[in-house]
Structure formats: structure tokens, C-alpha cells
Amino acid sequence: MTRPPDDPPADATAVPRPAHGVADWPGPREGFTVPRPGTLPDGGPWPRVRVLTPIDGDVPGLSDTVASVLAQGYAEARHDVVPAGPRAEAALAAALDDPETGYLLFLRAGDLLAPGALVALCLEAALSGAAAVAGLRVLFDRAVTGLDVPALSGPDAGLPFTGGEMLFARAAIVRAGGLAPGRSPAELWTRLAEGAPAGGGRVRIGRPVLLQRAPGAAPAPPGLSVVSLTGAGYEGGAGIGQRRLADALALSGHRVSHLRLTDESPAAAAEWTDRFPRTEAAILSGRHDLVIAGNLHGATRSLDILGRLCAGLPVAQVLHDLFPLTGRCAYPNDCPRIVTGCDAGCPTPDQYPELARARVGPVHAAKRRLLAGLRAPLLLANSAWTAERARTYAPPGADIAEITLAFPSGVFRPAGRGALRRRLGLPEEDCLILFSAVIVDAPDKGFADLVSALRGVAGPGIGFVGIGRLDDPGALGLPNLFAPGLVAEEAELAAWYGACDLHVTASRAETLGQTPVEAGLCGTPTLAYAATGLTTAVIDGVSGRLVAPEPGALARALAELIADAPARRRLGAFARIALENRFSDAAAALTLHAVLAGRGLLPDPQARPRFTPAMLGRFAFAAERYPGATGTVQPPSSALVSRLRRAKKAVFGRNLPPWLRWARFGAARLRGALSRGLDGSPRAAGTGR
């Protein structure tokens, strides 16, 4: 949600925490109303919504219920508060007969719509065409006790849903035969799925839409014991994505342990290390229910450890890149060898993750045997494109599921752009173009193409912000360039995103693309190629624009958006709403829940998804908001290290020849030997946090 520029951080505010966890709601506090364009993304009008609230005598909290609807700032909403019985039935019949009514929402007296609920529900309904859209319900008594959301299938036991968390298309209600007197809207939610595919034209968004007092709500059942296993921990893009998934699982009530393989073997030994006995023993003896692995190639070039773990418990491998499916590379760029079998003819053995030619074929064959086995790891794809690539590259019968990555939308949120620019020392009147990556000038990010497009629009009133490792900013040849380097605090990174007008990437190698989602959550749209996972990260015409991956297309679209400030603002407003619906911590948890339930890995696979009270703190309107992670990337390199890195590139290029890799490995082994005590005992495995 947009907050005023002087809004203090959660840990500095003196506003007392209310029972429902949303400060001052539904009072007049600024920043709760979701800014929205005047029309939907396709140019059509926002739908008319009828909110129906039957009452029976004096109802405590009714005035707050009414106020929560008015505070939505949704001019197309009509709220009918009518006595229960015949008058309520007549109001429903009139709404169903009214062709101008697009959607209905049944709000119980005493319940409150959450900030921005109607805008979020209606935008998702318009984008998806769903018959019904549901969001999260926040349950509270003296404080928040948990959050839940309606299930899509099976019996839904637990505290009954009352309708305020569900938006129904009027036409869908009519087709389903209406809502009988005395029946709950939750029954209608279930009935809409009868005779329809899984989901029944129903979708769920990953943000709260209803606040409901529930003194008798039962605590959530105990979750799973999950190990989040990484190669080198949670730094960098893939590491950040893995950590956020682990956080989403913890917010769903699961117990998560964090292990990294480099606590047992240094990253420099990755090319020659396939066994991690201490880590494996810790996992197999820990009575865990599930291992979710990601980005292992920071410590090993094989999946052998997963094969051994699969013999003892279920294992899932997140496809942050395509390394688990190839002989050695993370992004094969349609290399035909993967389908026929990677071998010593690999054209890029010295590119990271490097692997000697002689090992490429055997490693690829071992991966395929593992993925085709009876106890194979589940492959988790973070976009539709990644799932399609996995189906192409994995052996027949491999288990592949699509999930959503998690983003803390309370950290990545819009703020006053002028105030942010003043704080960061940026020009207030310029149009600022942002580009961002952990390694900005990496070839697989389309760096040359990006620089060409940026140079083409350089001129008075245009500024550039490059976030990430950039050893020689002057080499870009861009005037008015601000290069803060790597930003390791999520809250500070959000400030840089929010200060800019447009985010642009020329990458054509992303399983998803996290920077477009982070930027969009901050109200900054993205321009990107319609390629790879970016077609999921950027909702074309909603959170940004996608252009054909052909020469000149990016430069032309960039010039057009620079000249069209209203279009940028419109896309930025939609980006915030749509991406929070689809990429929040809760949205990711919903996809993980569906995958685990579908494979019988949950104690009660048909139970509705439930979340801990801490989940509310992941949203911008929470009274006690999650402050964001720190240390997400390595500290900035010294000037000396940057110069040495440039010298290495000048002599050897970006790749590491075998003899240099051996030298690095030897140095790492020597450091390890010196770091051990005189008794020769190895270092204890860490948590990877």
C-alpha cells in the first residue's frame, strides 16, 4: 500500500497495535487507500460491486464494518445494510437481477474489509476472468491469532467462512442457481467447482481481504519439519529466492532448518566434491519430513547428495536455474546436447559453474538416472517457462510442479518518490531509469544490449541508476549515472526501486526474474523482453511491458515509455496491486501447500491453508511490519579487489581455465587446514543463515 513519505518504520511508530493488527483501521489514517488508475488495464471500467450485510438487531461493530467499506475508496461499490430475512433476500434478488452489478460480496456485520481489499479482488477478477476470487482472512481476538484462506477442493473443516473473504461474479451466482436463504456463501464457493476442473474458475490472492473477530478459533495443527538445503547459503539471487521460500514455509506453520554445504566443503572445491557426510547424517538423523534444496552448484556439480537423501525422505529441488537438468550449465540457451545427452563436447565447460569436459557426460547421465528413478526428487519450477523447460529436459516421468516465489510486499512497497530521491541524493525532476542485478555486467543479463538501449535515450533530464556489482561504471558511457553498488538490505533496496520511474532489463536467461517483481511491488514498472521466465515476472500491460527479443525493440519501447509519464504511473499502480496478489509470501505459500497436499506430504492434505500471526506483518498495512532481511548480498568489494577483477577479465576473460581453478582449490584446502585446530577437528556445520 502507498504510505505517506514521512511514515515511520514499524519499529519506530508509537501507534498502539490494535487487536486486528492493522493500525487505525478503519480510521482516517493516510496511506490505506490503494491508488488505482481510472480504468482497468484493458481500458474498461472498474466493475460495480454490491456488498450485502444482513443484520439482526443491534450488532456490535457494525459502524466499523460500514466504515471499512467506505474506506476502500472504491467508488463503484454499493453497500446494502438490510435486516436479515425477507428484506435481505429481496436485496440479493435485486442485485442478481441488476445487469450493471458485476460482483457481489457478502460481508457479515462486525467484520471488516481489509485495506485495499476491493481493488485487489476486482483487479484479479478482471485479469483472470474467475467466477470467484478469495483472499486471506485475518482471525483475531485480543490479538491476531492466525490467517487462513478457503480451500479449492475437498471438505473444508474448521472455522466456517462467512463470505467477506470471497468476491463472486454475479453471472456465476446466477448460473449456479443463486444462494438459497440461510445458506453460507462458503457453500456457494464450493458449489462453483462442481462439474468444473480443479479450482472451478476460482482463484485465490495472497493478501488479506477480511478482518474477523473469532474468539473460539482453534490453533493451527503442527506442520512439517523441513530442511532448506543450499550450496552456499542465502546470498545472491537464487539464495534470496530460496530463503524467501523457506520463510513462506515457516509462516505456514512448518519448522524449517537451514543447512548449507559450504559449511562442510569450500565453494572452491565444488567441481571435485560430491559427498557431504556430516550434512547428510544431520539430515537423515533429524526426523525431518522434507528436504527442499536449491542452488546446490555453489558447493557441488552433481545431485548425488539428493539421490542419497531420497532414500530416506522426500526431497524437492527448486529450479532457480536449469543446472539440475544439464551436464553443467545453468542456462543452456537451447543447446541441443541436453536432449541428446551432454558430453565432452560441451561448448562452455570453463563458464560458471565450471566442470572438466570429461565429467560433463557422466554427471548429466547421473542426474537423469536420479530424476527417472522411483524415489526421484520433485522438481519445483518457479514460472510457466521453467516448467516447460523442465518437461523438455528432464527424463520422461519426472515429477514437475509449478510454484510461486515469495516476496515480502510490506518491505517492497511504494513510498513518496520525492522524499526517497531527496534521501538518496537523486535529482528530483529527472526521469530515472533503473537496471539491477547482482552482477550488473554479466553477459547472461544481456548487458551489451542493455547499454546500447540506455545510451540511445541518454540526454538532459534522463538519469540512470545501476544497482549491483559493477567494477567499472565509467565503461558504460552513461551520463548522469548513479551506481550505489550492491545493496544488502531489502528495505534500502526498496527505496532505490521506489525512487525510480522505470526498471529495465535486457536479460533473456531468467527462470523467473526477481528484480521485476521487487520493482513492481514498489510501484515501478518493468520493461523487458518477452522471453523465458520474464513472461511470468512481468504481466504485460499490467506491471510493465514485454517486447519481442529482436534488435531495436527494447530501445524503441524504452524511448516510448520515457516520453509517456502517465503510462508509467498507470503501469506502476497496477504493478503494486497485481504483484502483491500473486507474489506475496502468502501467495507462494499457497502454491507450496497445493504441491505438498497433492503429493500426500501434509498430515491433512485436504485442510485449508493456514498461516501464523507473523504472516500479517509481511504486508504494508500491518501495525507491526516485518523490517526486511539484511546481508542479502556480499559486502562491496574494495577498490583493490575491483581492479584485480578487471585485470583478471582483461587477461583471462570471464571464464576460469582449469589450472586456475586447481590453484584456487589448492588455496582453499590450505586455508581450511590452517583454520582447523591443532587437534585436526573440522569446523562444525552452520545454519546458512
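Small disclaimer: the values here were computed from a predicted structure and weren't measured.

**Student:** For the overall build of the protein chain, give the residues involved together with the corresponding values.
**Tutor:** If you tally the helices and strands in the protein chain, you get 21 helices and 21 strands. Out of the 689 residues belonging to the protein chain, those deemed buried represent 55%. Partitioning the contacts of the protein chain with sequence separation of at least 6, the portion at a separation of at least 24 is 74%. For the protein chain, the exposed area adds up to about 27,200 Å²; of that, 56% sits on carbon and sulfur atoms.

**Student:** Quick one: what's the story with the sheet that holds strand 16 (residues 462-469), residue by residue and with numbers?
**Tutor:** The strand order 17-16-15-18-19-20 describes an open sheet built from six strands, whose pairing is parallel. Two strands lie at the open edges of the sheet, namely strand 17 (481-485) and strand 20 (544-547), each paired on one side alone. Within the sheet, the average angular offset between the axes of one strand and its neighbour, ignoring direction, is 20°. One ladder, built from two bridges, connects strand 15 (residues 431-439) with strand 18 (residues 502-504); its direction is parallel. Note that in strand 18 the partner of Ile433 across the bridge is Leu502.

**Student:** Outline the pairing of strand 9 (residues 225-230), listing residues and values.
**Tutor:** The element strand 9 is extensively covered by neighbouring structure, given that six of its six residues are classed as buried. Of the two faces of strand 9, the one lined by Ser225, Val227 and Leu229 and the one lined by Val226, Ser228 and Thr230 are each fully buried. Note: strand 9 against strand 10 (residues 255-260), six bridges, orientation parallel. Across the sheet, residue Val227 finds its bridge partner in strand 10, namely Ser257. Two elements, strand 9 and strand 11 (residues 290-294), share five bridges in a ladder whose sense is parallel. Pairing of Thr230 across the sheet is with Gly294, part of strand 11.

**Student:** With reference to specific residues and values, describe unusual backbone geometry.
**Tutor:** Note the cis peptide between Trp25 and Pro26, where omega equals 5°. Relative to the helices and strands, Pro26 is located in the segment before strand 1 (49-55). The step from Tyr352 to Pro353 runs through a cis peptide bond, and the omega angle for that step is -5°. For Pro353, the location among the structural elements is in the loop between helix 9 (337-340) and helix 10 (357-372). One non-glycine residue, Asp24, lies in the positive phi region at around 65°. With respect to the element layout, Asp24 can be found in the segment before strand 1. The exposure class of Asp24 is partly exposed, given its relative accessible area of 39%. One non-glycine residue with positive phi stands out, namely Asn295, at about 60°.

**Student:** Can you lay out the pattern of salt bridges for me, pointing to particular residues and giving the numbers?
**Tutor:** Scanning the entire structure with this criterion turns up 34 salt bridges. Residue Asp80 is joined to Arg50 by a salt bridge in which the shortest nitrogen-to-oxygen separation is 3.0 Å. Of this pair, Asp80 sits in strand 2 (residues 77-83) while Arg50 sits in strand 1, and the two are 30 residues apart along the sequence. One exposure class covers both Asp80 and Arg50, and it is buried. Between Asp449 and Arg508 there is a salt bridge, with its nearest N and O atoms 3.5 Å apart.

**Student:** Before we move on, can you summarise empty space enclosed by the protein with the specific residues and values?
**Tutor:** Taken as a whole, this structure holds six cavities of 30 Å³ or more when the rule is applied. By volume, the second largest cavity is sized at about 50 Å³. Lining the second largest cavity, in full, are Ser228, Gln242, Leu245, Ala246, Leu249, Ile292, Val318, Leu380 and Leu592. No other element matches the four residues that helix 6 (residues 236-251) contributes to the lining of the second largest cavity. Looking at the lining of the second largest cavity residue by residue, the classes come out as seven nonpolar, two polar and no charged.

**Student:** Tell me about the nonpolar core, and please be specific about residues and values.
**Tutor:** Counting residues in each nonpolar core, the largest one holds 122 residues, and the members touching the most others are Phe168 and Leu380. Apart from residues lying up to four places away in sequence, Phe168 is in contact with Gly102, Tyr103, Leu104, Phe106, Ala131, Ala132, Ile173, Pro185, Leu188, Trp189 and Leu192. Counting 30 residues, the second largest nonpolar core, distinct from the first, contains Leu450, Ala506, Leu558 and Ile562.

Procedures and definitions
- Residues numbered from 1 in each chain as written.
- Predicted model: local features only at pLDDT ≥ 70, side-chain atom pairs only at ≥ 80, totals over all residues.
- Heavy atoms only, no water.
- Helix = DSSP H or I, 4+ residues; strand = E, 2+ residues; numbered from the N terminus.
- Buried < 20%, exposed > 50% of the residue type's maximum accessible area, 1.4 Å probe, protein only.
- Contact = heavy atoms within 4.5 Å.
- Areas by Shrake-Rupley, 256 points an atom, 1.4 Å probe, with all protein chains shown as cover.
- Pairing = 2+ DSSP bridges.
- Axes fitted to C-alpha atoms, helices over the stretch in contact; angles between N-to-C directions.
- Salt bridge = Lys/Arg side-chain N within 4 Å of Asp/Glu carboxyl O.
- 1 Å grid on protein atoms, 1.4 Å probe; cavity = no way out; pocket = protein on both sides within 12 Å on 5 of 7 lines; lining within 4 Å.
- Points joined across faces, edges and corners; volume = space filled by probe spheres on them.
- Nonpolar A, V, L, I, M, F, W, Y, C, P; charged D, E, K, R; others polar.
- Core = buried A, V, L, I, M, F, W, Y, C linked by side-chain atoms within 4.5 Å.

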